Amino acid sequence: MQIKILLFAALREIAQVSEFAVEAVEAISCEEAMARLAAYYPDITGLLPQCAVAKNGVFTGRDVLLAQGDELAVLPPASGG
Amino acid sequence: MNTEARHLTYEKIDSARFLADSGKSCYAGAQVLFLGIIRDNPFEKKVSHLVYEAFEPLAEKTLRELTEQASREWPVLDIRVLHRLGRVEIGEIAVAVDVRSAHRDEAYRASRFIIEAIKHKVPVWKKEYFMDGSSEWSRCQHAGEPRTAER
């Protein structure tokens, strides 16, 4: 099962990638997916607690489960305007 | 309310054209236009320019939902929002919020609501580039926090 993680702004810069694929045997939570991302890119660890998450383009909670083909966007604190 | 309107653009925002695009309404007694403009900061590092990026599908959706929310909250006639993406120079407009209503109170309130929500809820990020060659991702500023180079 593969989940796509999208990175933006400072996260993308630190990890040096805009997308990351997570392999999982069964459904995992957004939190778990982020933990696996941080294991691969430990330098983003400090920023993750401040990030919002979106599943398939919709804001969601970190405890929400992700399944095959889902897209998780990890969103640093907004700074628009 | 035009639910098909796009709220993000990589093109320069021209305030006169933006206002002209609002059309006319004989029921609008008030129109509040907010322009967020890129400024330098005389007390900190000199700013060269800013670059904005967004998670565009969700930013568009969130901006649309915010205008709908404001329309339910206050009796406004029309709300338009346009936010820049890409490189934006000092003096250029980063975001424009236009609200029309019968009376000024709801226009001011809806306008303030929209711009505050943009700063905190919409997945848009700005990176500041300084004249000394350095750069940093801007952090959303809350009231009472130390200032960074922002408007």
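These figures come from a predicted structure and were not determined experimentally. (Residues numbered from 1 in each chain as written. Chains lettered and ligands numbered in written order. Predicted model: local features only at pLDDT ≥ 70, side-chain atom pairs only at ≥ 80, totals over all residues. Heavy atoms only, no water.)

Digging into the interface of chain B and chain A
Turning to step 1, where the next piece is worked out: Taken together, the contact pairs 25 residues of chain B with 19 residues of chain A.
Turning to step 2, where the next piece is worked out: Taking both partners together, chain B and chain A bury about 1,600 Å²; carbon and sulfur atoms supply 60% of that area.
Turning to step 3, where the next piece is worked out: Counting the surface chain B buries against chain A, the share from its top three residues, Phe 55, Trp 125 and Trp 137 of chain B, is 39%.
Turning to step 4, where the next piece is worked out: Viewed at the interface, chain A and chain B are joined by 2 salt bridges.
Turning to step 5, where the next piece is worked out: With its nearest N and O atoms 2.4 Å apart, the salt bridge here joins Glu 13 of chain A to Lys 127 of chain B.
Turning to step 6, where the next piece is worked out: Listing elements by their share of the side of chain B that touches chain A, those giving two or more residues are strand 3 (47-54), helix 2 (56-73), strand 6 (93-101), helix 3 (104-121) and strand 7 (124-130) of chain B.
Turning to step 7, where the next piece is worked out: Residues that form the side of chain B that touches chain A fall into these classes: 13 nonpolar, 4 polar and 8 charged. (Contact = heavy atoms within 4.5 Å. Buried area = accessible area lost by both parts, 1.4 Å probe. Salt bridge = Lys/Arg side-chain N within 4 Å of Asp/Glu carboxyl O. Helix = DSSP H or I, 4+ residues; strand = E, 2+ residues; numbered from the N terminus. Nonpolar A, V, L, I, M, F, W, Y, C, P; charged D, E, K, R; others polar.)

A closer look at the pattern of salt bridges
Residue and element names in this part refer to chain B.
Turning to step 1, where the next piece is worked out: Counting across every chain of the model gives 16 salt bridges over all chains.
Turning to step 2, where the next piece is worked out: Its salt-bridge partner being Glu 92, residue Lys 12 comes within 3.3 Å of it at the nearest N-O pair. Of the two residues, Lys 12 is situated in the loop between strand 1 (8-9) and helix 1 (15-20) and Glu 92 in the loop between strand 5 (86-89) and strand 6; the sequence distance between them amounts to 80 residues.
Turning to step 3, where the next piece is worked out: The class of Lys 12 is exposed, set by a relative accessible area of 65%. (Buried < 20%, exposed > 50% of the residue type's maximum accessible area, 1.4 Å probe, protein only.)

Details of the side chain of Thr 62 of chain B
Turning to step 1, where the next piece is worked out: Mapped onto the elements, Thr 62 of chain B comes out in helix 2.
Turning to step 2, where the next piece is worked out: Look at Thr 62 of chain B and you get buried, because its relative accessible area is 7%.
Turning to step 3, where the next piece is worked out: Leaving out residues up to four positions away in the same chain, Thr 62 of chain B has contacts with Phe 59 of chain A together with Lys 121, Val 122 and Pro 123 of chain B.

Observations regarding the confidence of the model for chain A
Turning to step 1, where the next piece is worked out: Chain-level statistics for chain A give a pLDDT mean of 95 and a share of 100% at 70 or above.
Turning to step 2, where the next piece is worked out: Confidence, expressed as mean pLDDT per element, reaches its minimum in chain A at strand 2 (residues 19-23) of chain A with 94 and its maximum at strand 7 (residues 71-75) of chain A with 97. (pLDDT = per-residue confidence, 0-100.)

Remarks on the pairing of strand 1 (residues 2-7) of chain A
Turning to step 1, where the next piece is worked out: As judged from the 5 bridges shared by strand 1 of chain A and strand 2 of chain A, these two strands associate in the antiparallel manner. Within the sheet, the bridge partner assigned to Ile 3 of chain A lies in strand 2 of chain A and is Val 22 of chain A. (Pairing = 2+ DSSP bridges.)

Side note on the packing of helix 2 of chain B against helix 3 of chain B
Residues and elements named next belong to chain B.
Turning to step 1, where the next piece is worked out: Relative orientation of the contacting elements helix 2 and helix 3 amounts to 150°, with a least axis distance of 10 Å. In terms of orientation, helix 2 and helix 3 fall into the roughly antiparallel class. Seen along the crossing, helix 2 lies across helix 3 with a hand that is right-handed. Contacts from Thr 62, Leu 63, Leu 66, Thr 67, Gln 69 and Ala 70 in helix 2 reach Ala 110, Phe 113, Ile 114, Ala 117, Ile 118 and Lys 121 in helix 3.
Turning to step 2, where the next piece is worked out: When its residues are assigned to classes, the contact of helix 2 with helix 3 shows 8 nonpolar, 3 polar and 1 charged. (Axes fitted to C-alpha atoms, helices over the stretch in contact; angles between N-to-C directions. Parallel < 35°, antiparallel > 145°, perpendicular 65-115°, else oblique. Left-handed = near helix turned anticlockwise from the far one by under 90°.)

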